[in-house]
Amino acid sequence: MTTAVLDAPTHLDSPRGGSFLALVRHAGALAKRSLIKTVRTPEALIDVTIQPVIFLLMFTYLFGGAIADGDRHGYLQLLLPGMLAQSLAMGSIALGQNLNSDIEKGVFDRFRSLPVSRSAPLVGAVLADIVRYATVSVVTLGFGMIIGFRIETGTTATLGAIALAIAFGLCFGWISVWVGMKVRTPGAVQGVMFLLVFPLSFGSDVFVPAGTLPGWLQGFVKVNPITHLVGAERGLLIGGPVAHHLWLTLAWMAGLLVVFVPLALRAYSKRT
Amino acid sequence: MDDLVVRAEGLRKRFGKTQALDGVDLAMRRGTVLGVLGPNGAGKTTAVRVLATLLRPDEGTAFVAGVDVLREPQKVRRRIGLTGQYASVDEDLTGTQNLVLIGRLLDLTTRDARKRAAELLEWFDLTEAAGRPAKTYSGGMRRRLDLAASLVGHPEVIFLDEPTTGLDPAKREDMWGVVRTQVAQGSSVLLTTQYLEEADALADEIVVVNHGKVIAQDTPDGLKRRVGGQTLRIRPADPSRLPDVLEILGRVASPGTTAAPDAAAGSRPGAASVPVPDDSALDDVIPALRRAGIEINEFGLHLPSLDEVFHTLTGGENDKKKTEALV
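Residues numbered from 1 in each chain as written. Chains lettered and ligands numbered in written order. Predicted model: local features only at pLDDT ≥ 70, side-chain atom pairs only at ≥ 80, totals over all residues.

## Observations regarding the overall build of chain A
Inference 1: Looking only at helices and strands, chain A has 12 helices and 0 strands in total.
Inference 2: Order of helices (α) and strands (β) in chain A, N terminus to C terminus: α-α-α-α-α-α-α-α-α-α-α-α.
Inference 3: By its C-alpha atoms, chain A is 85 × 35 × 35 Å across when sized along the principal axes.
Inference 4: Residues classed as buried in chain A amount to 43% of the 272 residues present.
Inference 5: Intrachain contacts of chain A at a sequence separation of at least 6 include 79% that bridge at least 24 residues. (Helix = DSSP H or I, 4+ residues; strand = E, 2+ residues; numbered from the N terminus. Buried ≥ 20, exposed ≤ 12 C-beta atoms within 10 Å, placed from the backbone. Contact = placed C-beta atoms within 7 Å.)

## Focus: the domain arrangement of chain B
Residue and element names in this part refer to chain B.
Inference 1: Splitting chain B by domain gives domain 1 (4-224) and domain 2 (228-326).
Inference 2: One C-alpha centre belongs to domain 1, the other to domain 2, and the line joining them spans 35 Å.
Inference 3: Elements represented by at least two residues in the side of domain 1 that touches domain 2 include exactly helix 7 (196-202), strand 9 (205-210) and strand 10 (213-218).
Inference 4: Per-element accounting of the side of domain 1 that touches domain 2 gives the leading share, 3 residues, to helix 7.
Inference 5: Counted by class, the side of domain 1 that touches domain 2 contains 5 nonpolar, 2 polar and 3 charged residues. (Domains from an automatic or database assignment. Nonpolar A, V, L, I, M, F, W, Y, C, P; charged D, E, K, R; others polar.)

## Here's the deal with the pairing of strand 3 (residues 33-37) of chain B
All names here are of chain B.
Inference 1: With 5 of 5 residues buried, strand 3 is to be regarded as a mostly interior element.
Inference 2: The alternating pattern of strand 3 places Val-33, Gly-35 and Leu-37 and Leu-34 and Val-36 on opposite faces, both of which are buried.
Inference 3: Bridge count for strand 3 against strand 8 (residues 188-193) is 5 bridges, and the pairing is parallel. Bridging across to strand 8, Val-36 finds its partner in Thr-192.
Inference 4: Sheet analysis places strand 3 next to strand 9, joined by 4 bridges and oriented parallel. Within strand 9, the residue paired with Val-36 across the bridge is Val-207. (Pairing = 2+ DSSP bridges.)

## Observations concerning the sheet that holds strand 1 (residues 4-15) of chain B
Within a sheet, each strand pairs with its neighbour through backbone hydrogen bonds, oriented either parallel or antiparallel.
Residues and elements named next belong to chain B.
Inference 1: Spatial ordering of the open sheet is given by 2-1-4-5, a layout of 4 strands whose pairing is antiparallel. In the strand order of this sheet, the two ends are held by strand 2 (18-29) and strand 5 (67-68), each with one partner.
Inference 2: Pairing analysis gives 5 bridges linking strand 1 to strand 4 (residues 59-64), with the strands arranged antiparallel. Of the residues in strand 4, the one forming a bridge with Val-6 is Val-64.
Inference 3: Each of strand 1, strand 2 and strand 4 touches helix 1 (residues 44-51); the most contacted strand, strand 1, lies at about 120 degrees to it. (Axes fitted to C-alpha atoms, helices over the stretch in contact; angles between N-to-C directions.)

## As for helix 5 (residues 139-151) of chain B
Inference 1: Between its terminal C-alpha atoms helix 5 of chain B stretches 19 Å, which fits the 18 Å expected from 13 residues at 1.5 Å a residue.
Inference 2: Among the 13 residues that make up helix 5 of chain B, 11 are buried, leaving the element largely enclosed by the rest of the structure.
Inference 3: B:Met141, B:Arg142, B:Arg143, B:Arg144, B:Leu145, B:Asp146, B:Leu147, B:Ala148, B:Ala149, B:Ser150 and B:Leu151 are the residues of helix 5 of chain B that are buried.
Inference 4: Against the buried residues of helix 5 of chain B lie helix 5 (107-112) of chain A together with strand 6 (80-83), helix 3 (95-105), helix 4 (110-123), strand 7 (157-161) and helix 6 (169-184) of chain B. (Expected span 1.5 Å × (residues − 1).)

## As for the environment of A:Thr249
All names here are of chain A.
Inference 1: Along the chain, the position of Thr-249 falls in helix 12 (residues 243-270).
Inference 2: The exposure class assigned to Thr-249 is buried, which follows from the 25 C-beta atoms found within 10 Å.
Inference 3: The sequence separation of Thr-249 and Gln-77 amounts to 172 residues, and the corresponding C-alpha distance is 21 Å.

## Considerations on the pairing of strand 2 of chain B
Side chains on a regular strand alternate between the two faces of the sheet.
Residue and element names in this part refer to chain B.
Inference 1: As defined by bridge partners, strand 1 adjoins strand 2 across 9 bridges and the pair is classed as antiparallel. What sits directly across from Phe-15, in strand 2, is Thr-18.
Inference 2: Connecting strand 1 to the antiparallel partner strand 2 that follows it, the hairpin turn spans 2 residues, and Gly-16 within it adopts a positive phi of roughly 60 degrees.

## Points about the UniProt feature "domain: ABC transmembrane type-2" (unreviewed entry) in chain A
Inference 1: In this structure's numbering, the residues bearing the UniProt feature "domain: ABC transmembrane type-2" (unreviewed entry) are residues 43-271 of chain A.
Inference 2: Helix makes up 78% of residues 43-271 of chain A and strand 0%. Its end C-alpha atoms lie 29 Å apart. (UniProt positions renumbered as here; feature names shortened; annotations may be inferred.)

## Examining the sheet that holds strand 8 of chain B
Residues and elements named next belong to chain B.
Inference 1: As summarised here, the arrangement of the 6 strands in space is 6-7-8-3-9-10, forming an open sheet in which the pairing is mixed. The open sheet has two edge strands with one neighbour each: strand 6 and strand 10. Along the sheet, successive strands turn relative to each other by an average axial angle of 15 degrees, direction set aside.
Inference 2: Sheet topology note: the strand 9/strand 10 ladder contains 5 bridges and is antiparallel. If you follow Val-209 over to strand 10, its bridge partner there is Val-214.
Inference 3: Packing against the sheet, helix 1 makes contact with strand 3, strand 7, strand 8 and strand 9, and its axis sits at approximately 150 degrees to strand 7.
Inference 4: Packing against the sheet, helix 6 makes contact with strand 3, strand 7 and strand 8, and its axis sits at approximately 155 degrees to strand 8.

## A closer look at the UniProt feature "transmembrane region" (unreviewed entry) in chain A
Residue and element names in this part refer to chain A.
Inference 1: With numbering aligned to this structure, UniProt lists the feature "transmembrane region" (unreviewed entry) at residues 44-63, 75-99, 120-147, 159-179, 191-210 and 246-265.
Inference 2: Taken as a whole, residues 75-99 contains 96% helix and 0% strand, while its terminal C-alpha atoms sit 37 Å from one another.
Inference 3: A distance of 28 Å separates the end C-alpha atoms of residues 246-265, which is 100% helix and 0% strand.

## Some details on the nonpolar core
Inference 1: A:Leu88, A:Val177, B:Leu99 and B:Ala148 are the most contacted members of the largest nonpolar core, which has 89 residues in total.
Inference 2: When residues of this core are assigned to their parent elements, the largest contribution, 13 residues, is made by helix 8 (residues 155-182) of chain A.
Inference 3: Contacts of A:Val177, omitting those with residues within four sequence positions, involve A:Leu95, A:Gly96, A:Leu99, A:Leu122, A:Val126 and A:Ala264.
Inference 4: Membership of the second largest hydrophobic core comes to 51 residues, among which are B:Leu26, B:Met28, B:Leu160 and B:Val179. (Core = buried A, V, L, I, M, F, W, Y, C linked by C-beta atoms within 7 Å.)

## Describing the confidence of the model for chain B
Residues and elements named next belong to chain B.
Inference 1: For chain B, mean pLDDT is 86; residues scoring 70 or higher make up 91% of the total.
Inference 2: Scored below 50 in pLDDT, residues 317-327 makes 9 contacts in the model with residues more than four places away or belonging to other chains.
Inference 3: Predicted complex, confidence summary: ipTM 0.84, pTM 0.80. (pLDDT = per-residue confidence, 0-100.)

This is how it looks when you write it as structure tokens:
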């Protein structure tokens, strides 16, 4: 077919700076959009600010005495890295909910009609969550220290602990993205994600020593990624071996990306 | 040389049990407005989503601005602007932030994106509201911002999916003005609408779709000639005089049409309507009604409603002769 058009300059048809740089730039612009929304609605940060505080208080003062036989401080030392992991997992739920409601509102139709990579809106939303995961890390550590938690390692290890927490959140968040693409309403995203997050966070040694659990449950605890994340965080914050749990955590993170990024992208492009 | 900026042939798309598009052909010339007219569920939105690369058809081909929509969607996306059926601006972002984001996604530098945003906001009379989140905007302002967002990249082809649905008549006319200006500046616009009045006001050509099929394609004048340029509707005070009214109306009917009890959906029975070529019919009808002593409750001359257009185009099933005379 011949056309009257197409005297348009050729650079029009390929993104500036190649497709990878374009993805980074577009995802950055879309991440900024999510951040603006977060700043405008600070109440959307309750799940990464007030909620971890309440959980810390509850488990330390309500259950801590009973579980740790009176040694509240000793319990808090073990509990806090675990609470951090649980809050990260819970904090990822909002991501899927927000994406789900964006799609329902038609905002994503506009993005899809623009010459950006299909994955850019999803990658942008995931990247913006760095702020939420950093917040949850700082709030948990900061409030923990107010009620008596002591970091027994150094600054480098502490920063490493926070970096690991954020990185894990970024990988785990893709599950939430995928669920957000698959189900119909934001409420359903939360429902499905709770079904996943509760068994993972409670079916670990976050709250009780794994030795007190029945054998079959110990088996689950051993493969649970949250267990290994908590192990690595404990090592980085209160000392002890780190390598074993760290490698397993990194392996889990890679696994989550390999499985859920393609699943999420496919679900996104199928969603009309 | 082919001067068609939109050219679609044999588009088919099925969603489950619904055949949303059942072999749609569309052609739009450069620099013109094509109005796609049809009721809810006719397939208008599906057709726009296919052309705007949001949806892959099951069958058929489509070229937009000379580019194959199925083979090179990214290239098409650099040449189009889309305003969806529901204003899809981001409510938490300000007017400026909404437009700058689109500019950045179109690979403008931050500075150029800001410049373009300011330009469009000014043009759409939104400068004062530029720094406010879009959720504080009125319905009309949102639509304008939404339309501005689709123009950031100076698109060759603009798709507007029911751009005025839900707007009051004054706001509707504002939007029409905006569309006309775009066309005057060289854009080509494909718009869908449920209002014949809107298609008549804006479109160079009208495609009527129903049940996923094109049932008529014509200029606004041609279409009005076919369905009767205007419709004269009369409701006698005494319903038993309806046959007399029909008889009188029959004398002024457009060639090839007949007066009939009013067919518009949702209207109370007891009225009669007839397609007339122009308002000179009134000169005959009013004296005749007086002579016959028929009192009138309702008397109106208007463009045919969408229902009447469909009634005529589809022949109303029970009026075969009328259909043959028309087609």
